[in-house]
Protein chains: 2
Amino acid sequence: MRIGELAVASGTTTKTLRFYEEAGLLPAPERTANGYRDYTPAALARLDFVRRGRTAGLTLAQIREILDIRDAGVAPCQHVHALLEAHLGDLDRQIADLQALRHTVAHLHHSATTSDPTKCDTTTVCRYL
Amino acid sequence: MRIGELAVASGTTTKTLRFYEEAGLLPAPERTANGYRDYTPAALARLDFVRRGRTAGLTLAQIREILDIRDAGVAPCQHVHALLEAHLGDLDRQIADLQALRHTVAHLHHSATTSDPTKCDTTTVCRYL
DNA sequence: GTGGACGTTCCAGCGCAGGGGAAGGTCAAG
DNA sequence: CTTGACCTTCCCCTGCGCTGGAACGTCCAC
């Protein structure tokens, strides 16, 4: 399987595939006589896993950790479990932060809606912020 | 006021102040005879505005827009109002996205908690994702 | 033998908001 | 007279996940 075919099959681009190889996510494939990358179907399964990880919001570095564990012959279940737990915590924190920010902005927006613009003070640039 | 003093007074760094000047957020101040930047107290008020904008989650580019309007002698109220409204929409979208992602990750985490790790299939790297 | 669609490498840049550090000038205190 | 704390400009680096482009090789059909 050549790189272009794999790109189509995996829904990525050849650029991304070379980048993933460089980043250690995709093992360097065999080369054909002319130097072209020659992928096995395993690469497609791996890319599918990468895609699922990305969908779950994991970073490439985290996905690589999991792949490295699997490649070392160990089942990455435990690591994945811990990773997902930490990720949940991250998400909760991000959501809480964004909601707090949303409250702040909603307040600002509300005062900007109900206030009298003629009372603006030029020294503070804009009193709505 | 020298740059170091302004940095302390505004709670930023000299690096940031030069960066803001470069980015057009802070007008280039007068220079003393030896070439040092010499800030007026107005710079502090402006930095305070920048800080408030940042706290509200605005980008430096957005803050700059507001400052540019104010510097043009116009009250930026209307622009700020629209900006905040759009920002609210962005935040709502981000929060919704993160919550959807959280649901997905929570599901994955749950199956990783309740599943039997011995059933792992090596071809899919990890069935929890 | 030529065109076009593939493939290869390497280098650069995006957007965001600065940070690091070099190489040098300036000023006050000891 | 020197030390140390400031200041100046300059350019590169960070993280993240790619993307674009140049310059070149290869293969297949016509």
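Just so you know, these numbers come straight off a predicted model, no measurement behind them. (Residues numbered from 1 in each chain as written. Chains lettered and ligands numbered in written order. Predicted model: local features only at pLDDT ≥ 70, side-chain atom pairs only at ≥ 80, totals over all residues. Heavy atoms only, no water.)

A. Region of interest: the interface of chain A and chain B. Every contact between the two is made by 43 residues of chain A and, on the other side, 43 residues of chain B. Seen at the junction of chain A and chain B, the total is two salt bridges. Close ionic contact of Asp92 of chain A with Arg102 of chain B constitutes a salt bridge, the shortest N to O distance being 2.4 Å. Our count for the chain A to chain B interface comes out at eight residue pairs in polar contact (both at pLDDT 80 or more). Contributions of two or more residues to the side of chain A that touches chain B are made by α3 (41-55), α4 (60-71) and α5 (77-114) of chain A. The element best represented in the side of chain A that touches chain B is α5 of chain A, accounting for 21 residues. (Contact = heavy atoms within 4.5 Å. Salt bridge = Lys/Arg side-chain N within 4 Å of Asp/Glu carboxyl O. Polar contact = N/O pair within 3.5 Å; in protein donor to acceptor, adjacent residues only side chain to side chain. Helix = DSSP H or I, 4+ residues; strand = E, 2+ residues; numbered from the N terminus.)

B. Just the relation of the copies chain A and chain B, in detail. Superposition record for chain A on chain B: RMSD 0.2 Å, screw rotation 180 degrees, translation along axis 0.0 Å. What we have between these two chains is a two-fold relation. Taking the C-alpha atom as reference, chain A places Ile95 of chain A closest to the rotation axis, 3.0 Å from it. Taken as a fraction of all interface residues of chain A, those also at the interface in chain B reach 100%, which identifies the copy contact as same-surface. (Least-squares fit on C-alpha atoms with pLDDT ≥ 70 in both.)

C. Structural view of the side chain of Arg37 of chain A. All names here are of chain A. Counting through the fold element by element, Arg37 comes out in strand β2 (residues 37-38). Classification of Arg37 as buried rests on a relative accessible area of 19%. At a separation of 2.8 Å, a polar atom in the side chain of Arg37 contacts the side chain of Glu21. Setting aside residues up to four positions removed in sequence, Arg37 forms contacts with Met1, Arg2, Ile3, Arg18, Glu21, Pro29, Glu30 and Arg31. (Buried < 20%, exposed > 50% of the residue type's maximum accessible area, 1.4 Å probe, protein only.)

D. Seen up close, the protein's contact with DNA strand C. Taken together, 19 residues surround DNA strand C, and among them Gly4 and Arg18 of chain A together with Lys15, Tyr20 and Tyr36 of chain B come closest. Sugar and phosphate atoms form 69% of the subset of DNA strand C atoms that lie within 4 Å of the protein. Gly4 of chain A places a main-chain nitrogen or oxygen 2.5 Å from a phosphate oxygen of DNA strand C. In this structure, Thr16 of chain B approaches DNA strand C through a side-chain N or O atom, which is 2.9 Å from a phosphate oxygen. Broken down by secondary-structure element, the contributors of at least two residues to the surface near DNA strand C are α1 (3-10) and α2 (14-22) of chain A together with α2 (14-22) of chain B. Residue contributions to the surface near DNA strand C peak at four residues, all from α2 of chain B. The class makeup of the residues in the surface near DNA strand C is six nonpolar, six polar and seven charged. (Near = heavy atom within 4 Å. Nonpolar A, V, L, I, M, F, W, Y, C, P; charged D, E, K, R; others polar.)

E. How the structure looks around the packing of α4 of chain A against α5 of chain A. Residues and elements named next belong to chain A. Between α4 and α5, the least distance of the axes is 9 Å, while the angle of their chain directions is 165 degrees. Between α4 and α5, the crossing angle belongs to the class labelled roughly antiparallel. Crossing handedness for the pair α4 and α5: right-handed. In this structure, α4 uses Gln62, Glu65, Ile66 and Ile69 to contact α5, whose residues at the interface are His79, Val80 and Leu83. (Axes fitted to C-alpha atoms, helices over the stretch in contact; angles between N-to-C directions. Parallel < 35°, antiparallel > 145°, perpendicular 65-115°, else oblique. Left-handed = near helix turned anticlockwise from the far one by under 90°.)

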